[in-house]
Amino acid sequence: MAQGDNSADRFTGDRPARLDIDDLSWGAQPGNPIIGPISLAIQPGEMLALVGPNGAGKSSLLRCLYRYHRPITGQVRLDGEDIWSLQGKAVARRVATVLQEQASDFGLSVAEIVELGLTPHRGGWGADRADHEAVEAVLTLMELSHLAPRDLATLSGGERQRVMIARALLQKPDLLILDEPTNHLDIRHQLEVLDLLVRLRCTVIVSLHDLALASAHADRVLLLDGGRVAAIGAPAEALTRSSIRAAFAVETLLDAHPATGRPRLSFYLPNQNQE
Ligand code: ADP
Ligand code: MG
């Protein structure tokens, strides 16, 4: 991935979104909420990492934020407006997603899948030269150029994940929502994706399995447990030995990373003596 330049900047909108979550709850059945009530504000340009044990409700919360789940109570406001009062297309013009389970065998090539990212902004004509140039640029940014003609179904999990990120960036979002985007990536690509997210001008909400990655990159971390906010704040405030113990039932070694100064975490089971 192109490092240390601002090439990522062209792939975000001009108006980083503010998101307000007001007293939000959601569940599959009305009387039985899975998440919430949750209230919080996400500032324009902020990068918020969402962490929590399996089943904590991370994906459910994200689905409420990109207007897939309609809340049971409360609302989600995009720059002040309830997302359910907006047209789906209006939301799609500003909010891009990278999700876990995406159908991958339409028989489309990598270039064609990525080009779908242009759809929300299109007037109805086919791709023009600027479009082709933007597709090439985002493929270059994500180190996917050599895979452009390949059928998506033939890619590795990590390559496919990068394709989905490229497609989302081509949407030039003001808000980018990613559900565990680093899952299939090797360490280098994990760090590169997180580094890219940090550099993007848009607001970013990303769920991550890896507390260390979240801690090393996010502006704030939201620790979700049992559908509730267990902790939120700067990484060192939200991810403490006690908040991690309560949510994950593991012990944590915590210090400052000598190279970056950010919190460094490693984990062990409570019954494994460290002396
Ligand atoms: P996470 O992403 O943190 O692992 P999820 O949001 O996927 O958690 O799920 C939270 C809980 O809600 C899980 O117990 C899951 O089984 C349940 N759940 C999620 N979606 C639905 C649904 N549509 N119907 C019933 N239960 C659901
Ligand atoms: Mg999930």
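Scroll up to find the structure this text is about.
Source: prediction; values computed, not measured. (Residues numbered from 1 in each chain as written. Chains lettered and ligands numbered in written order. Predicted model: local features only at pLDDT ≥ 70, side-chain atom pairs only at ≥ 80, totals over all residues. Heavy atoms only, no water.)

Novice: I'm lost on the packing of helix H4 (residues 129-141) against helix H5 (residues 157-170) in this one. Help?
Specialist: What describes two packed helices is the angle between their axes and the distance between those same axes. Where H4 meets H5, the axes come as close as 10 Å, and the angle between the chain directions of the two elements is 135°. Classified by the interaxial angle, the pair formed by H4 and H5 is oblique. In this structure, the crossing between H4 and H5 has a hand that is right-handed. Only Ala 166, Leu 169 and Leu 170 of H5 make contact with H4, whose side of the interface consists of Ala 134, Val 135, Val 138 and Leu 141. Considered class by class, the residues forming the contact of H4 with H5 number 7 nonpolar, no polar and no charged. (Axes fitted to C-alpha atoms, helices over the stretch in contact; angles between N-to-C directions. Helix = DSSP H or I, 4+ residues; strand = E, 2+ residues; numbered from the N terminus. Parallel < 35°, antiparallel > 145°, perpendicular 65-115°, else oblique. Left-handed = near helix turned anticlockwise from the far one by under 90°. Contact = heavy atoms within 4.5 Å. Nonpolar A, V, L, I, M, F, W, Y, C, P; charged D, E, K, R; others polar.)

Novice: How do you make sense of the site of ligand 1 when you look at a structure like this?
Specialist: Around ligand 1, a shell composed of Trp 26, Ala 28, Ile 34, Pro 53, Asn 54, Gly 55, Ala 56, Gly 57, Lys 58, Ser 59 and Ser 60 is seen. In this structure, Gly 57 approaches ligand 1 through a main-chain N or O atom, which is 2.9 Å from an oxygen atom. Protein chains shield 56% of the accessible area of ligand 1, which is 560 Å² for the free molecule. Looking at the shell around ligand 1 residue by residue, the classes come out as 5 nonpolar, 5 polar and 1 charged. (Near = heavy atom within 4 Å. Polar contact = N/O pair within 3.5 Å; in protein donor to acceptor, adjacent residues only side chain to side chain. Areas by Shrake-Rupley, 256 points an atom, 1.4 Å probe, with all protein chains shown as cover.)

Novice: Any chance you could explain helix H9 (residues 241-248) here in plain terms?
Specialist: An α-helical turn contains 3.6 residues, so any two residues separated by three or four positions project in the same direction. Among the residues of H9, Ser 243, Ile 244 and Ala 247 are the ones counted as buried. Axial view of H9: buried residues confined to an arc of 95°, hence all on one face. Along its buried surface, H9 packs onto helix H7 (211-217), strand S9 (220-225), strand S10 (228-233), helix H8 (235-238), strand S11 (251-256) and strand S12 (263-268). (Buried < 20%, exposed > 50% of the residue type's maximum accessible area, 1.4 Å probe, protein only. Arc of directions from axis to C-beta.)

Novice: What am I meant to see in the nonpolar core here?
Specialist: Nonpolar side chains in soluble globular proteins generally cluster together in the buried interior. Counting residues in hydrophobic clusters, the biggest one holds 55 residues, and the most contacted among them are Val 114, Leu 169, Leu 176 and Leu 197. When residues of this core are assigned to their parent elements, the largest contribution, 7 residues, is made by H5. Excluding anything up to four places from it in sequence, Leu 176 contacts Ala 96, Ala 168, Leu 169, Leu 197, Leu 200, Cys 202, Thr 203, Val 204 and Ile 205. Leu 48, Ala 56, Leu 61 and Leu 175 belong to the second largest nonpolar core, which has 29 residues in total. (Core = buried A, V, L, I, M, F, W, Y, C linked by side-chain atoms within 4.5 Å.)

Novice: Please explain the sheet that holds strand S8 (residues 203-207) as it appears in this structure.
Specialist: Think of a sheet as strands paired side by side through backbone hydrogen bonds, with each pair either parallel or antiparallel. Strand order in the open sheet made by the 6 strands is S6-S7-S8-S3-S9-S10, with mixed pairing throughout. Whereas interior strands pair on both sides, the edge strands pair on one side only; in this sheet they are strand S6 (95-98) and S10. Here the strands of the sheet are splayed against their neighbours by 15° on average, with no regard to which way each runs. Pairing of strand S7 (residues 175-179) with S8, which is carried by 5 bridges, proceeds in the parallel orientation. (Pairing = 2+ DSSP bridges.)

Novice: Honestly, H4 in this entry has me stumped. Any pointers?
Specialist: The end-to-end C-alpha distance of H4 is 18 Å, a good match for the 18 Å that 13 residues give at a rise of 1.5 Å each. Considered for burial, the residues of H4 that qualify are Asp 131, Ala 134, Val 135, Ala 137, Val 138, Leu 139 and Leu 141. For H4, the elements touching its buried residues are helix H3 (110-115), H5 and helix H6 (187-199). Of the residues flanking the end of H4, it is Glu 143, one or two places downstream, whose phi is positive at about 55°. (Expected span 1.5 Å × (residues − 1).)

Novice: How should I be thinking about the pattern of salt bridges in this particular structure?
Specialist: Note that side chains of opposite charge can pair when their charged atoms are close. This structure, assessed with the given rule, holds 11 salt bridges. The partner of Arg 241 in a salt bridge is Glu 251, and the shortest N-O contact between them spans 3.1 Å. Here Glu 251 lies in strand S11 and Arg 241 lies in helix H9, a separation of 10 residues in the sequence. Judged by relative accessible area, Glu 251 falls into the buried class, the value being 13%. Ionic contacts of the salt-bridge type, sharing partners, join the residues Asp 79, Arg 94 and Asp 174 into one network. (Salt bridge = Lys/Arg side-chain N within 4 Å of Asp/Glu carboxyl O.)

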